[in-house]
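Tertiary structure, described
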Amino acid sequence: MPIYKAPLRDMHFALWETAGAGILGALPGMEEVGAELAAPVLEGAAAFCEEVLLPLNRTGDEEGCLLENGAVRTPSGFTEAYRAYREGGWPALACDTAFGGQGLPKIVSVMFEEMICSANLAFGMYPGLSHGAYSALRAHGSEAQKALYLPKLVDGTWAGTMCLTEPHCGTDLGLLRTRAEPASDGRYRITGTKIFISAGEHDLTENIVHLVLARLPDAPRGSRGISLFLVPKCIPDAQGNPGARNAVVAGALEHKMGIKASATCVMNFDGAIGWLVGAPNKGLAAMFTMMNEARLSVGIQGLGLAEISYQNAVAYARERLQGRRPGGAAAPEKPADPIIAHPDVRRMLLTMRAWIQGCRMLAARTALAIDIAAHDPVPARAQAAEDEVALMTPIVKALFSDMGWEMTALGMQVLGGHGYIREWGMEQFVRDARIAQIYEGTNGVQALDLVGRKMPAHGGRALRRFFHPVSEWIAARAGRAEMAEFVEPLAKAFGRLQGITAELARRGLADPFEAGAGASEYLRLFGLVALAREWARAAEIALGRQEDAFYRAKLGTARFFIRNILPQHTGLAASVLAGGAALRAFADTDF
Ligand SMILES: Cc1cc2nc3c(=O)[nH]c(=O)nc-3n(C[C@H](O)[C@H](O)[C@H](O)COP(=O)(O)OP(=O)(O)OC[C@H]3O[C@@H](n4cnc5c(N)ncnc54)[C@H](O)[C@@H]3O)c2cc1C
């Protein structure tokens, strides 16, 4: 079975040393928050993930879910693990205390999310969707809806879903057809078919709260005519307990490449009773509350899977003996050297380490911005943090999930043929990682969001939230010889990013096809520079502390990222500048 130890020391570094989460303690409602509060919570979370979730990851993958007479059975051990999750109070971690939550900040819950995704991503899908439903209802539900549903979602006795996708529409939700007919009692009757619905049906909770996008009879066409409805599997009775079964059933389970223990359902709504959430025809905006949060969480899925793959790749590379290191044996007393001695294996392991730890630092910084946006009483500071989150959301989603796929593939490569064989567990990480690039808006769509929405919004205000601090940070270190090896390459890549941003904005204004053509490479370039900023900061902290193995490894990884990975910015910039002419000129019939 694959091993996993939650990287608590590195999480501590990302939160309290690079992101500087200590500033949260100065905000109202967050006075108690600090490393002393977070450490025992994260230790408990680590134990839960390592001891309860990890052992079910492989068996869950092998068993999958079963649909019988409309009921879905999750794999063996999942109901018990979910009960332990609920009894441990884990669903309530980052929820509002007004509804029974523990009110802990995102900086803590994001690290827990990463651990769950490492240990058992398929399990994590169930509470992940519930938390999304909680967020959407908390932001847009009526007082009565909040009072009835939120405490149940917070204590985990009920679960949630998001029902958007239909057979003919995924990215383009403006095409959706599910209907909502008003009934005389103020409720609605929902009719239609949704596909690919994660956690649509299961045996973990006594009720499931579906959040469904549908059209009212007189709704305008397209995305301006979509409303959000709450459709419980069992309609709550007068006491708020699950009552009569609603007319919504799982018609089929999707057979898929990975996350097999997560029930992905076709959901049939056949005049199901629902309640409107928020204003009519404003459903897409309301759903975005849930989707933005979900996008960050999907990025974290890539991070979590890359981490467990890395840990197992390192363990294997230490043990596996093959060949001799070029330039002299590393272990002459053995019949061959451990493969960790070979330059190409070291390249793979350091590449994984540098991407993973870089993404973790960026995740911590983004989570901190979420907390500041929610708690800072100074409107300008809260707004600045909100802009940062808006800018970083598509980057975290797409960059991290691409990274998850690429790094789990590298982890598999480290094990050679054994990586491809099921027994070692490495191929499951690759299969599980792939979906994160697709759902919650494909990564291509994230890139369009960055270029088409986030870049131009408010005259480039969100961009300035990133550009100004990085400029100042670089300028403040001018002339510091010991930092030059980090700051100079960062400054060069950053200057290139600024130049490309201006050029892409100019071209995109004249011709949106041009912006679309360069968007994915631009997002990658942006992400690379954002990670370089994290690594330069990490190096600054680690310099001069080489007697401590943690900081020694940190500095070594920073050097590898800056020297060996950051130069990719040159190729990415050239690709963006190449523009869309060749794409446009190619005839459809020639494909
Ligand atoms: C395992 C799994 C779980 C899921 N869970 C849920 C869930 O819980 N709830 C839910 O509602 N949905 C869920 N989905 C659906 C998922 O969100 C969609 O599959 C995804 O949004 C893409 O939609 P699509 O599959 O229809 O692809 P399409 O929208 O048809 O896209 C196909 C391709 O075209 C590209 N494309 C589409 N439009 C554009 C454009 N305007 N510009 C550029 N490129 C474009 C896409 O990037 C993609 O490469 C899930 C899917 C899977 C596989």
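Just so we're clear, the structure is a prediction, and the values are computed from it rather than from any experiment.

Across its full length, the protein carries 18 helices and eleven strands. In summary, the protein has a C-alpha radius of gyration of 24 Å against a globular reference of 25 Å for 591 residues, a match within 12%. When its C-alpha atoms are laid out on the principal axes, the protein stretches across 80 × 60 × 55 Å. Once local pairs closer than 6 in sequence are excluded, the contacts in the protein between residues at least 24 apart make up 74%. As displayed, the protein offers around 23600 Å² of accessible surface, 55% of which is attributable to carbon and sulfur atoms. One way to put it: in the protein the 59 positive side-chain charges average out to a point 4 Å from where the 62 negative ones average out.

Glancing now at the layout of surface pockets. Taken as a whole, the second largest pocket spans an internal volume of roughly 1200 Å³. Along the wall of the second largest pocket there are 39 residues; nearest its centre are Thr-289, Glu-293, Ile-370, Ala-373 and Val-389. Among the elements of the structure, helix H5 (106–140), helix H7 (283–319), helix H8 (343–375), helix H9 (379–414), helix H12 (443–454) and helix H13 (457–476) are those that each provide at least two residues to the lining of the second largest pocket. The element best represented in the lining of the second largest pocket is H5, accounting for seven residues. Partitioned by chemical class, the residues of the lining of the second largest pocket number 16 nonpolar, eleven polar and twelve charged.

Turning to the pattern of salt bridges, a few remarks are in order. Inspection of the entire model under this criterion finds 40 salt bridges. The partner of Arg-360 in a salt bridge is Asp-10, with the nearest N and O atoms 2.7 Å apart. A residue pair is termed long-range when its members are at least 10 positions apart, and Arg-360 in helix H8 and Asp-10 in helix H1 (residues 8–18) qualify at 350 residues. This pair shows no difference in class: Arg-360 is buried, exactly as Asp-10 is. As a salt-bridge pair, Asp-449 and Lys-454 come within 2.9 Å of each other at their nearest N and O atoms. Here Asp-449 and Lys-454 have matching classes, each one buried. Linked through salt bridges whose partners overlap, the residues forming this network are Arg-58, Asp-61, Glu-62, Arg-422, Glu-427 and Arg-431.

What follows is about the nonpolar core. Among the nonpolar cores identified, the biggest contains 200 residues, and Ile-107, Phe-466, Tyr-522, Phe-526 and Phe-561 are the most heavily contacted of them. Counting residues per element, this core draws most heavily on H5, which supplies 19 residues. Non-local contacts of Ile-107, meaning those with residues more than four positions away in its chain, are made with Leu-15, Trp-16, Ala-21, Leu-24, Val-33, Ala-364, Ala-367, Leu-368 and Asp-371.

A few words now on the packing of aromatic side chains. In the structure shown here, the tally under the stated rule is 21 aromatic pairs. When the ring of Tyr-85 is compared with that of Phe-112, the centres are 6.4 Å apart and the planes differ by 20°; the resulting orientation is stacked. Taken together, the residues Tyr-85 in helix H4 (residues 78–87) and Phe-112 in helix H5 connect sequence positions 27 residues apart. The two residues Tyr-85 and Phe-112 agree in class, both being buried. Among the aromatic side chains, those forming a connected cluster through ring pairs are Phe-48, Phe-78, Tyr-82, Tyr-85, Trp-90, Phe-112 and Phe-123.

Let us now look at the site of the ligand. The immediate surroundings of the ligand are formed by 17 residues, with Met-162, Thr-165, Thr-171, Phe-196 and Thr-442 found nearest. In this structure, an oxygen atom belonging to the ligand sits 3.4 Å away from a main-chain N or O atom of Gly-170. Protein coverage of the free-state accessible area of the ligand, which is 970 Å², stands at 61%. Elements represented by at least two residues in the shell around the ligand include exactly strand S3 (158–163) and strand S5 (188–198). Here the residues of the shell around the ligand are counted per class, giving nine nonpolar, six polar and two charged.

What counts as what
- Residues numbered from 1 in each chain as written.
- Predicted model: local features only at pLDDT ≥ 70, side-chain atom pairs only at ≥ 80, totals over all residues.
- Heavy atoms only, no water.
- Helix = DSSP H or I, 4+ residues; strand = E, 2+ residues; numbered from the N terminus.
- Rg over C-alpha atoms; globule rule 2.2 N^0.38 Å.
- Contact = heavy atoms within 4.5 Å.
- Areas by Shrake-Rupley, 256 points an atom, 1.4 Å probe, with all protein chains shown as cover.
- Lys, Arg positive; Asp, Glu negative; His and termini not counted.
- Charge placed at Lys NZ, Arg CZ, Asp CG, Glu CD.
- 1 Å grid on protein atoms, 1.4 Å probe; cavity = no way out; pocket = protein on both sides within 12 Å on 5 of 7 lines; lining within 4 Å.
- Points joined across faces, edges and corners; volume = space filled by probe spheres on them.
- Nonpolar A, V, L, I, M, F, W, Y, C, P; charged D, E, K, R; others polar.
- Salt bridge = Lys/Arg side-chain N within 4 Å of Asp/Glu carboxyl O.
- Buried < 20%, exposed > 50% of the residue type's maximum accessible area, 1.4 Å probe, protein only.
- Core = buried A, V, L, I, M, F, W, Y, C linked by side-chain atoms within 4.5 Å.
- Phe/Tyr/Trp six-rings, centres within 6.5 Å; stacked < 30°, edge-to-face > 60°.
- Near = heavy atom within 4 Å.
- Polar contact = N/O pair within 3.5 Å; in protein donor to acceptor, adjacent residues only side chain to side chain.

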